[in-house]
Amino acid sequence: MEKFRANLMLCAGTGCVASGTTKVRDALRDEIQKRGLDEEIKIVLTGCNGYCAEGPVLSVYPDEIFYQKLTVEEIPKLVEEHFLKGRPYEKLMFKEPEKKTAIPMMKDIPFFKHQVLRVLRNKGLIDPEKIEEYIARDGYQAAAKALTQMTQEDIIKVIKDSGLRGRGGAGFPTGLKWDFASKVKSDIKYMLCNGDEGDPGAFMDRSVMEADPHSVIEGMIIGARAIGAHHGYIYVRAEYPLAVKRLQLAIDQATEAGLLGNNILDTGFDFKLEIYLGAGAFVCGEETALMRSLEGKRGMPRPRPPFPAHKGLWDKPSVLNNVETLAQIAPIILNGSDWYRSLGTEKSTGTKVFALTGAINNVGLVEVPMGIPLRTIIYDIGGGPKKGRKFKAVQLGGPSGGCIPESLLDIPVTYEDIVATGAIVGSGGMVVMDDNTCMVGTAKFFLEFTADESCGKCTPCRVGTKILLDMLTDITEGRGKEGDMETLEDLGRDIIATSLCGLGQTAPNPVLTTIKYFRDEYESHIKHKWCKAGVCRSLTTFWIDEKMCKGCGACLRGCPSKAIMGEKKKPHKIIQELCVRCRSCYEACKFKSIKILPANFEGDPSELVGVTTETETKKGES
Amino acid sequence: MPRLKIEDLQKIKEKHKADFALREGGYRAKVTVHMGTCGIAAGARNVMTALMDEIAKANRSDVIVTTSGCAGLCAREPLATVEIMNQSPVKYCDLSDEKIREIFKEHILGGNPVEKYALVMGSETTY
């Protein structure tokens, strides 16, 4: 019988694999063998641990020591020190930015400390490719309970009472959705899973599918039982190869073990599950478009009603739930609705997973109770903006969401409070932006995406998003004119009011929220032809304040167009005719002597010096 | 894997208990084998192997084994510390293959410290 004294849980999520997990695994295995420890120490490859910024990451049990940024070169030393001699290896431990002391244990690291894991309950603790490991963590117990001890009504009641709402973006109560579908009489019904995660910067669902595919399958079995479906599909985008591979493996294993297919666990219940690959169209994340795509047709939404609970896939009653929603089901069945409601607020219960990314120290996947302030997520878990820069905005909900400014960071993260700001919780993408970001440019970025992804069915969305985009492009290139903001707002509201599906109904949100919270930036672009963040090249002049320049030469060395001249230790100068406005001098200067002025600025720049930095400018204008 | 029945789920869980006791915590006893240079030279590796063998034979999932560096008393190596939850830890010295097997049966499983091999009782806990 094999018995190990330690388990090394090495992250093999997409992020860590890209950072080199495979080579690290080989080196670790070879070194452990070389030291004769292979019968004592077991290496387990897990799904995404969540702390992608520090990958490849490794958790050592039972010591609970967390190692980060592993390299092949460090492996021999790590094995010798920790696994042979029992001295945890400090060099690879986590250190807080700007502090030197190492934090050895995972539970003490701020990124992990504030999280509550329900959806991600098995993250980093099981090998997602082994069904036994999922079962060892109470896997399929909830399915067994739902199939033997509960009626359809019992299941629906628990889910309704739990207050669970769809985690894909709209936040519709899951129990209610199941209730509608269960009451419709039909020979065939479908239980569907939406794994078509499309928001730029969002990767919650991918992580769940990679790290814990059986949790999604179990949620689907329970849902199928609740509504009386015997067929199901998981719609996953083809750009998620690892998720597809692990889901397929999980379906095969579950089918072999009699947990899918006919007569599940000898209970007489049948449920067959298949994967359908999506081609990556953003609109196919919308439920009616997803169902058309599943039927083999062009993915376009259709009007509701009839709702999918009555006429969905192939016009049969269907329920479509998001990956994260389904991963919440099994623990609710096992622990009850009160347990689920013990976290979160009255209307937004439980936990939500967020993909934290952008200009922030701790990029990664975090699960927190709903209702905690945005500030806690960004500063306590995320560690604040990188390099001590100033926070400007956080973008929630992807292209359908909006930008929330610093002044609103203390609002609780609930469906209602976030909607009140003009953004949405959405699927959970959270992109942090610092003062180097141009908000007009940000709105333009998202409009480029939605204008490109609009399916073309509704004119307001197809043509409207293009007009919004053209206007934003004009503003960022210096062709903005008086009245543009009003037109943007007016058109934006029209697109929202007249589009059929969620894509068009939310596409103007990035424009509307940036105008609402960063109006001065639009004005500065339009009236003064001045992008104060120095991002829009047509609206920027870089200028060196000779009084502050130390002549260190950092800007000169970094300039790709040789537009900077000056002798050592003497103030430097930018030759405007040669400057391509790439910002590299601005980033390189340690003395803040490079100032951002309006386009084609003529006259005495020193007059503007006092008002050239972002914060100072605001003071100057008010 | 053959088709499962409901009761099989619990059996699989039991079978994997040892690994998950490591990962989830919740063990009853912890043995630290001191494996500094001195300990290894004095035969700590054999002690460790014997201990792992006993745990495997007894099929116990509530006992975990870790290593640590030199305990500072190089002359009395190999050393090992046995900590049963909520009891005083016991440090054993001059260990061998046979002695650790006896300690496993008497102290770790039986709950009675083996005084004749003990160096000190009631030293610092590490859990």
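This one's a predicted model, so the numbers in the text were calculated from it and none came from an experiment.

Our next topic: the overall build of chain A. Helices and strands together make up the secondary structure of chain A, namely 26 helices and 20 strands. Here chain A has a C-alpha radius of gyration of 27 Å; the compact-globule value for 622 residues is 25 Å, and the two agree. Each principal axis of the C-alpha atoms in chain A carries an extent, and together these give about 85 × 65 × 40 Å. As displayed, chain A has an accessible area near 24,400 Å², and 53% of this comes from carbon and sulfur atoms. Taking the 82 positively charged and 82 negatively charged side chains of chain A as two groups, their mean positions are separated by 3 Å.

An ideal rise of 1.5 Å per residue puts 21 Å on 15 residues; helix α10 (residues 213-227) of chain A measures up with 22 Å between its terminal C-alpha atoms. Counting buried positions along α10 of chain A yields 14 of 15 residues, so the element is predominantly enclosed.

Turning next to the sheet that holds strand β16 (residues 429-434) of chain A. Residue and element names in this part refer to chain A. Pairing is mixed in the open sheet, where five strands are placed in the order β13-β12-β16-β14-β15. Both outer strands of the open sheet, β13 (364-369) and β15 (402-405), are each paired with one neighbouring strand and no more. Between one strand and the next, the sheet's axes are offset by a mean angle of 30°, whatever the strand orientation. Two elements, strand β12 (residues 351-358) and β16, share four bridges in a ladder whose sense is parallel. Bridging from a neighbouring strand, L356 pairs with M430 of β16. On the sheet, helix α9 (residues 204-211) packs against β12, β13 and β16 and is oriented at approximately 115° with respect to β12. On the sheet, helix α21 (residues 509-517) packs against β14 (391-396) and β15 and is oriented at approximately 25° with respect to β15.

Next up on the list: the nonpolar core. All names here are of chain A. Counting 72 residues, the largest nonpolar core has Y140, I155, W178, M191, I221, I222 and F271 as the members making the most contacts within it. The leading source of residues in this core is α10, at eight residues. Both domains that furnish three or more residues to this core are identified here as domain 2 (131-340) and domain 3 (351-434). With residues up to four places along the chain from it excluded, the contact list for I155 reads A146, M150, W178, I222, R225, A226 and I333. Within the second largest apolar cluster, 39 residues are counted, among which are F66, F112, V394 and V413.

Residue and element names in this part refer to chain A. If you trace the backbone, P373 turns up in the loop between β13 and α15 (374-381). For P373, a relative accessible area of 30% gives the class partly exposed. When the C-alpha positions of P373 and P412 are compared, they lie 4.2 Å apart, and in sequence the two are 39 residues distant. Dropping the residues within four chain positions of it, P373 is found in contact with L409, D410, I411, P412 and V413.

Moving on, we come to the interface of chain A and chain B. Counting from both sides, the interface comprises 44 residues of chain A and, opposite them, 34 residues of chain B. A buried area of about 3,400 Å², summed over both sides, lies between chain A and chain B, and 57% of it is on carbon and sulfur atoms. Where chain A touches chain B, the interface holds six salt bridges. Notably, a salt bridge pairs D138 of chain A with K13 of chain B, separated by 2.7 Å at the nearest N-O pair. Run the count over chain A and chain B and you get 13 residue pairs in polar contact (both at pLDDT 80 or more). The element that contributes the greatest number of residues to the side of chain A that touches chain B is helix α5 (residues 131-136) of chain A, accounting for five residues.

Gaps between atoms show up when a probe of the same size as a water molecule is rolled over them. Residues and elements named next belong to chain A. Empty space within the largest pocket amounts to approximately 1,200 Å³. Taken together, 45 residues make up the lining of the largest pocket; nearest its centre are G168, G169, A170, G285 and E286. Looking at the lining of the largest pocket, the elements that each hand over two or more residues are α8 (174-183), β11 (318-322), α16 (415-421) and α20 (502-506). Examining the composition of the lining of the largest pocket, we find that five residues originate from one element, β11, more than from any other. Looking at the lining of the largest pocket residue by residue, the class counts come to 16 nonpolar, 20 polar and nine charged.

The next thing to look at is the side chain of H107 of chain B. Residue and element names in this part refer to chain B. Inspection of the secondary structure puts H107 in helix α5 (residues 97-109). For H107, a relative accessible area of 1% gives the class buried. Contact partners of H107, with chain neighbours within four places excluded, come to V82, I84, V90, Y92, E102, N112, P113 and V114.

Moving on: the pairing of strand β1 (residues 29-34) of chain B. Residues and elements named next belong to chain B. Counting buried positions along β1 yields six of six residues, so the element is predominantly enclosed. Residues A29, V31 and V33 point to one face of β1 and K30, T32 and H34 to the other, with burial holding for every one of them. Relative to strand β3 (residues 80-84), β1 runs antiparallel, the two being bridged by five bridges. By the bridge assignment, T32 is partnered in β3 with T81. In terms of strand pairing, β1 meets strand β2 (residues 63-68) through six bridges, oriented parallel. Bridge pairing links A29 to V63 in β2.

Bringing the pattern of salt bridges into the picture now. Taken as a whole and judged by the stated rule, the model has 59 salt bridges over all chains. The salt bridge involving R35 of chain A is made with E80 of chain A; its shortest N-O contact spans 3.3 Å. Of this pair, R35 of chain A sits in the loop between α2 (21-34) and β2 (41-46) while E80 of chain A is found in helix α3 (residues 75-84), placing the two residues 45 residues apart along the sequence. Taking the relative accessible area as the measure of exposure, R35 of chain A reaches 29% and is therefore partly exposed. Here D19 of chain B and K42 of chain A are joined by a salt bridge, their closest N and O atoms 2.5 Å apart. With one member in each of two chains, D19 of chain B in helix α2 (residues 17-24) and K42 of chain A in strand β2 form a pair that bridges those chains. Take D19 of chain B and K42 of chain A: they sit in the same class, and that class is buried. What you see here is one network of salt bridges that share partners, running through D53, E54, K57, D97, R101 and K105 of chain B.

Our next topic: the confidence of the model for chain A. Summary statistics for chain A give a mean pLDDT of 92 and a share of 97% for residues scoring 70 or more. Here residues 611-622 of chain A is a poorly scored stretch, pLDDT under 50, and it has 20 contacts once near neighbours within four places are set aside; other chains count.

What counts and what doesn't
- Residues numbered from 1 in each chain as written.
- Chains lettered and ligands numbered in written order.
- Predicted model: local features only at pLDDT ≥ 70, side-chain atom pairs only at ≥ 80, totals over all residues.
- Heavy atoms only, no water.
- Helix = DSSP H or I, 4+ residues; strand = E, 2+ residues; numbered from the N terminus.
- Rg over C-alpha atoms; globule rule 2.2 N^0.38 Å.
- Areas by Shrake-Rupley, 256 points an atom, 1.4 Å probe, with all protein chains shown as cover.
- Lys, Arg positive; Asp, Glu negative; His and termini not counted.
- Charge placed at Lys NZ, Arg CZ, Asp CG, Glu CD.
- Expected span 1.5 Å × (residues − 1).
- Buried < 20%, exposed > 50% of the residue type's maximum accessible area, 1.4 Å probe, protein only.
- Pairing = 2+ DSSP bridges.
- Axes fitted to C-alpha atoms, helices over the stretch in contact; angles between N-to-C directions.
- Contact = heavy atoms within 4.5 Å.
- Core = buried A, V, L, I, M, F, W, Y, C linked by side-chain atoms within 4.5 Å.
- Domains from an automatic or database assignment.
- Buried area = accessible area lost by both parts, 1.4 Å probe.
- Salt bridge = Lys/Arg side-chain N within 4 Å of Asp/Glu carboxyl O.
- Polar contact = N/O pair within 3.5 Å; in protein donor to acceptor, adjacent residues only side chain to side chain.
- 1 Å grid on protein atoms, 1.4 Å probe; cavity = no way out; pocket = protein on both sides within 12 Å on 5 of 7 lines; lining within 4 Å.
- Points joined across faces, edges and corners; volume = space filled by probe spheres on them.
- Nonpolar A, V, L, I, M, F, W, Y, C, P; charged D, E, K, R; others polar.
- pLDDT = per-residue confidence, 0-100.

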